[in-house]
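Residues per chain, in single letters:
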Amino acid sequence: MRQDSTRYVTLVRPRWSDMDAFGHVNHASLVTLLEEARVPLLFGDGTGGTGGTGTAPPGGLADFAKGIVVVRLRVDYRAPIVVDGSAVRVEIALADLRHASFTLDYRVRGGSAAHDPLAATAATVLAPYDLDRGRPRRLTVAERALLTEHVPSGGQA
């Protein structure tokens, strides 16, 4: 996993159980792969999964681990992702930062290289959630600072 100037880049490996009858990653599994790509960025040290140098804050955003929810998810498919045992490249950028939510933008490539064909684009709107009170909460100043410092904006946020 690494960060370039506009995207956080990680590799995730689809499992054989992720494929549909045509040998392609099915929709529910792609959503899971997006989650697997963002977890080390938001909650970890940015080095999980396939290794590499981390760029996420040490320990991740600890308060997010106490509660965060997906408010909205959009996936647009460009080409099938074939399950062949190899990893796919997921590039993540911060597309929008608001007081009580933020949007991550994803590019999923059909292979591990930057030049591999774009297979899907996606976006998730995420909101911090207070589990004790059972309701969304605002981002703290520290969380906003960590997001802007450690998640590439891709020139959008």
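Everything discussed here concerns the structure shown above.
Undergrad: So, the overall build of the chain: which residues are in play, and what are the values?
TA: What the chain contains, in helices and strands, is two helices and seven strands. Ordered by position from N to C terminus, the α and β elements of the chain give β-β-α-β-β-β-β-β-α. Taking all 157 residues of the chain together, 43% fall into the buried category. Partitioning the intrachain contacts of the chain with sequence separation of at least 6 by distance along the chain shows that 63% fall at a separation of at least 24. As displayed, the chain has an accessible area near 7,900 Å², and 53% of this comes from carbon and sulfur atoms.

Undergrad: Give me the pattern of salt bridges: which residues, what numbers.
TA: Here the structure, examined in full by the defined rule, presents ten salt bridges. For R74, the salt bridge is made with D76, and the minimal N-O distance between the two is 2.8 Å. A residue is classified by how much of its surface remains accessible, and R74, at 38% relative accessible area, is partly exposed. Close ionic contact of D130 with R133 constitutes a salt bridge, the shortest N to O distance being 3.8 Å. Using a relative accessible area of 59% as the deciding quantity, one classes R133 as exposed. Look at the salt bridges and you will find they share partners, linking R89, E91, R107 and R109 into a network.

Undergrad: Describe the nonpolar core, listing the residues and the values that go with them.
TA: In this structure, L30, I92, F102, L104, V108 and L147 are the most contacted members of the largest nonpolar core, which totals 29 residues. Secondary structure elements with two or more residues in this core: β2 (8-12), α1 (27-42), β4 (88-97), β5 (102-109) and β6 (118-130). Each residue touching F102, except ones within four places of it in the same chain, is listed here: L42, F64, I68, L94, D96, L97, T124, V125, L126, L139 and L147.

Undergrad: Explain the pairing of β6 to me, and be specific about the residues and the numbers.
TA: Of all 13 residues in β6, eleven are buried; the element is thus mostly enclosed. Pairing of strand β3 (residues 68-77) with β6 involves nine bridges; the strand directions are antiparallel. Looking at the pairing, Y77 lines up with A120 of β6. In this structure, β5 lies alongside β6, joined through eight bridges in antiparallel fashion. Paired with F102 across the bridge in β6 is L126. As paired strands, β6 and strand β7 (residues 135-136) are joined by two bridges and run antiparallel to one another. Bridging across to β7, Y129 finds its partner in P136.

The rules behind these values
- Residues numbered from 1 in each chain as written.
- Predicted model: local features only at pLDDT ≥ 70, side-chain atom pairs only at ≥ 80, totals over all residues.
- Heavy atoms only, no water.
- Helix = DSSP H or I, 4+ residues; strand = E, 2+ residues; numbered from the N terminus.
- Buried < 20%, exposed > 50% of the residue type's maximum accessible area, 1.4 Å probe, protein only.
- Contact = heavy atoms within 4.5 Å.
- Areas by Shrake-Rupley, 256 points an atom, 1.4 Å probe, with all protein chains shown as cover.
- Salt bridge = Lys/Arg side-chain N within 4 Å of Asp/Glu carboxyl O.
- Core = buried A, V, L, I, M, F, W, Y, C linked by side-chain atoms within 4.5 Å.
- Pairing = 2+ DSSP bridges.

Coordinates in, geometry out; function isn't part of it.
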